[in-house]
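Chain and residue survey
Letter by letter, the chains look like this.
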Amino acid sequence: MTTWIRSGSVIDPLKGVVEKTDLIIEKGKIARMLPRDEFKEQGPQINIIDASGRFIVPGLVDMHVHLREPGHEYKETIATGAMAAAAGGYTALACMPNTVPPNDCRSVTEFILEQAKRASLVRIYPVAAITVGQKGKTLTEFGDLKAAGAVAVSDDGFPVADSRIMKSALEYARYHGLAVISHAEDVSLSGDGVMHEGAVSTRIGLPGIPAASEEIMVYREIALAGLTGCPVHIAHVSTKRSVELIRRAKEEGLPVTAETAPHYFSLDHDSVVGYDTNAKMNPPLRTPNDVEAIKKGLAQGVIDVIATDHAPHSPLEKDVEFDKAAFGIIGLETALPLTLELVRSGVLELPEAVRKLSYNPAALLGIQGGRLEVGSRADLAFMDTEHEYVLSEKNIFSRSRNSPFIGMSMKGRNVLTMVGGKVVWEKQA
Ligand SMILES: [Zn+2]
């Protein structure tokens, strides 16, 4: 079977250009790339997909997702999370280890991969815990976890508070070819905080999480990268000073990379006024000044990756008082339109935005993806950048609905997702 994707505009983020090219897909791969309508073969063995008016990009890669299986399947399963990912234009995701039990041993990693295979939607890459039980005391068996299929290690949800253990983690991870993803937070400083510590928290009377609780740990990770020469990736960067620290580290040539999430460049701490628990996440929404710094960090290449930190929670955890609510929001189905807003406002060129959503995270994790060239896997997303809609609970595929963007106008969306040449999701007209 041959699939002819005709009349679309193709973006390879590494080439940085948009080209009017037809794609011929065979055996799950891009077999040929031809000028528009040069393909002449006909017949029942040719499956034609009309992509006119669409941008075809490499399937998006999300390196920071919380699937809730095993343990909290009422919030999300591997299958429902994979479906939400496919709907959002993702063809691959890396799932964090803070499940119940946590992914700190081979059997849990294998279980996740087994469930991913059963769902058979998008490619799922487990991130294993850095420490046993994510308790920060004893390193997990990195070699064993890598052999089982883990691509990275992280104690995400928690920092690795002990610097000596983090130093060893960086060294062992490099030896085993695993990326290290740091949840940078000094929890003693965050204390009982539930939102950004600043003018808004004072006004509405909620305990704050200072920007410094992130920045102290960002600097610790940079210092450890300097000490060991080992790479470290900083998750969900949210403050101006974090961006500055990472900028300087990169200028010094240290192997430090960083990600942010769409909510950190789309919303600020004013969203918490009214006590909407869907504006509660960790790190918290910061000041407008921080939002500008995050955008600048993205534009200048200080922040390499846009990841969602997709964190499903049910009404049990969210329909409660603000200070009792769980941290986190879903994000797989809103990342693309929110990132396209950065393109429209001139922060990023379209190919660069796509690169931060696909090639860069794939390269960091050492997995295939993010390229669109002859021979690459036919993992594709078709974007309609002009489609306008209001995000409603009804059209969310995630099992959870905890999004601050529900009811907001969105522009641009994924309309078709292909994994290995197979259509796994298509927007119904
Ligand atoms: Zn985290």
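Residues numbered from 1 in each chain as written. Predicted model: local features only at pLDDT ≥ 70, side-chain atom pairs only at ≥ 80, totals over all residues. Heavy atoms only, no water.

**Considerations on helix H10 (residues 288–299)**
The terminal C-alpha atoms of H10 lie 17 Å apart, and with 12 residues this matches the ideal 16 Å at 1.5 Å per residue to within 8%. When H10 is considered as a whole, its buried residues turn out to be Asp-290, Val-291, Ala-293, Ile-294, Lys-295, Gly-297 and Leu-298. Each element contacted by the buried residues of H10 is listed here: helix H8 (240–251), strand S15 (256–260), helix H9 (262–266), strand S16 (305–306), helix H12 (335–344) and helix H13 (350–357). Gly-301, located one to two residues past H10, shows a positive phi value of around 80 degrees. (Helix = DSSP H or I, 4+ residues; strand = E, 2+ residues; numbered from the N terminus. Expected span 1.5 Å × (residues − 1). Buried < 20%, exposed > 50% of the residue type's maximum accessible area, 1.4 Å probe, protein only. Contact = heavy atoms within 4.5 Å.)

**Concerning the sheet that holds strand S7 (residues 60–65)**
The strand order across the open sheet formed by 8 strands is S7-S8-S9-S10-S11-S14-S15-S16, and the pairing between neighbours is parallel. Either end of the sheet is taken by a strand with one partner, and the two such strands are S7 and S16. One ladder, built from 2 bridges, connects strand S11 (residues 179–182) with strand S14 (residues 232–234); its direction is parallel. Paired with Ser-182 across the two strands is Ile-234, which belongs to S14. In this fold helix H7 (residues 211–228) packs onto S11, S14 and S15, with an angle of close to 165 degrees to the strand it touches most, S14. Against the sheet, H8 makes contact with S14 and S15, and its axis sits at roughly 150 degrees relative to S15, the strand it touches most. (Pairing = 2+ DSSP bridges. Axes fitted to C-alpha atoms, helices over the stretch in contact; angles between N-to-C directions.)

**Focus on the packing of aromatic side chains**
Tallied over the entire structure, the rule returns 2 aromatic pairs. Taking the ring centre of Trp-4 as reference, the NZ or CZ of Arg-6 above it sits at 4.7 Å. Above the plane of the ring of Phe-327 lies Lys-280, whose end atom (NZ or CZ) is 4.6 Å from the centre. (Phe/Tyr/Trp six-rings, centres within 6.5 Å; stacked < 30°, edge-to-face > 60°. Lys NZ or Arg CZ within 6 Å of the ring centre and 35° of its normal.)

**Observations regarding the pattern of salt bridges**
Between side chains of opposite charge, a pair can form when the charged atoms approach closely. By the definition in use, this model includes 22 salt bridges. Between Arg-371 and Asp-12 there is a salt bridge, with the nearest N and O atoms lying 2.9 Å from each other. Of this pair, Arg-371 sits in the loop between helix H14 (359–365) and strand S17 (380–390) while Asp-12 sits in strand S2 (residues 9–12), and the two are 359 residues apart along the sequence. Residue Arg-371 is classed as partly exposed on the basis of its relative accessible area, which comes to 23%. (Salt bridge = Lys/Arg side-chain N within 4 Å of Asp/Glu carboxyl O.)

**A look at the side chain of Asp-12**
A relative accessible area of 3% means that Asp-12 is categorised as buried. Among the polar contacts made by the side chain of Asp-12, one reaches the side chain of Arg-371 at a distance of 2.9 Å. Look past the residues within four positions of Asp-12 in its chain and what remains in contact with it is Val-17, Gly-370, Arg-371, Leu-372 and Glu-373. (Polar contact = N/O pair within 3.5 Å; in protein donor to acceptor, adjacent residues only side chain to side chain.)

**Overview of the packing of H7 against H8**
Contact pair H7 / H8: the axes reach a minimum separation of 9 Å and the direction vectors enclose 10 degrees. It follows from the interaxial angle that H7 and H8 lie roughly parallel. Contacts from Glu-214, Glu-215, Val-218, Tyr-219 and Ile-222 in H7 reach Arg-241, Ser-242, Leu-245, Ile-246 and Ala-249 in H8. Looking at the contact of H7 with H8 residue by residue, the classes come out as 6 nonpolar, 1 polar and 3 charged. (Parallel < 35°, antiparallel > 145°, perpendicular 65-115°, else oblique. Nonpolar A, V, L, I, M, F, W, Y, C, P; charged D, E, K, R; others polar.)

**Re unusual backbone geometry**
With an omega of 0 degrees, the peptide bond between Val-100 and Pro-101 qualifies as cis. In this structure, Pro-101 sits in the loop between strand S8 (90–95) and helix H2 (106–119). The omega angle of the peptide bond from Asn-282 to Pro-283 is -5 degrees, so this bond is cis rather than trans. Its location among the elements puts Pro-283 in the loop between H9 and H10. A positive phi angle, near 50 degrees, is found at Lys-27, a position not held by glycine. Non-glycine residue Asp-37 carries a positive phi angle of around 65 degrees. Along the chain, Asp-37 falls in the loop between strand S4 (29–35) and strand S5 (46–50).

**What to know about the packing of H12 against H13**
Relative to each other, H12 and H13 sit at 145 degrees, their axes nearing to 9 Å. The hand of the H12/H13 crossing is right-handed. Facing H12, whose interface residues are Leu-336, Thr-339, Leu-340 and Val-343, H13 presents Leu-350, Ala-353 and Leu-357. Residues of the contact of H12 with H13, tallied by class, amount to 6 nonpolar, 1 polar and no charged. (Left-handed = near helix turned anticlockwise from the far one by under 90°.)

**What about H12?**
Most of H12 sits inside the fold, with 7 of its 10 residues counted as buried. When H12 is considered as a whole, its buried residues turn out to be Ala-335, Leu-336, Pro-337, Leu-338, Thr-339, Leu-340 and Leu-342.

**Structural notes on the nonpolar core**
Residues Val-122, Ile-124, Met-166, Ile-246 and Val-256 are the most contacted members of the largest nonpolar core, which totals 93 residues. Excluding residues within four positions of it along the chain, Val-122 makes contact with Ala-82, Ala-85, Ala-86, Tyr-90, Thr-91, Ala-92, Leu-93 and Val-419. Residues Met-63, Ala-94, Val-305 and Ile-367 belong to the second largest nonpolar core, which totals 17 residues. (Core = buried A, V, L, I, M, F, W, Y, C linked by side-chain atoms within 4.5 Å.)

**Remarks on empty space enclosed by the protein**
Here the structure, examined in full by the defined rule, presents 4 cavities of 30 Å³ or more. The calculated volume of the largest cavity comes to roughly 90 Å³. Lining the largest cavity we find Ala-87, Gly-88, Glu-333, Leu-336, Pro-337, Tyr-389, Leu-391, Asn-395, Arg-413 and Asn-414. Counted as a void, the second largest cavity has a volume near 60 Å³. Here the lining of the second largest cavity is built from residues that sort into 5 nonpolar, 4 polar and 3 charged. (1 Å grid on protein atoms, 1.4 Å probe; cavity = no way out; pocket = protein on both sides within 12 Å on 5 of 7 lines; lining within 4 Å. Points joined across faces, edges and corners; volume = space filled by probe spheres on them.)

**Observations regarding the environment of Tyr-172**
The topology assignment puts Tyr-172 in helix H4 (residues 163–176). With relative accessibility at 47%, the residue Tyr-172 sits in the partly exposed group. When the C-alpha positions of Tyr-172 and Cys-230 are compared, they lie 9.4 Å apart, and in sequence the two are 58 residues distant. Non-local contacts of Tyr-172, meaning those with residues more than four positions away in its chain, are made with Leu-139 and Phe-142.

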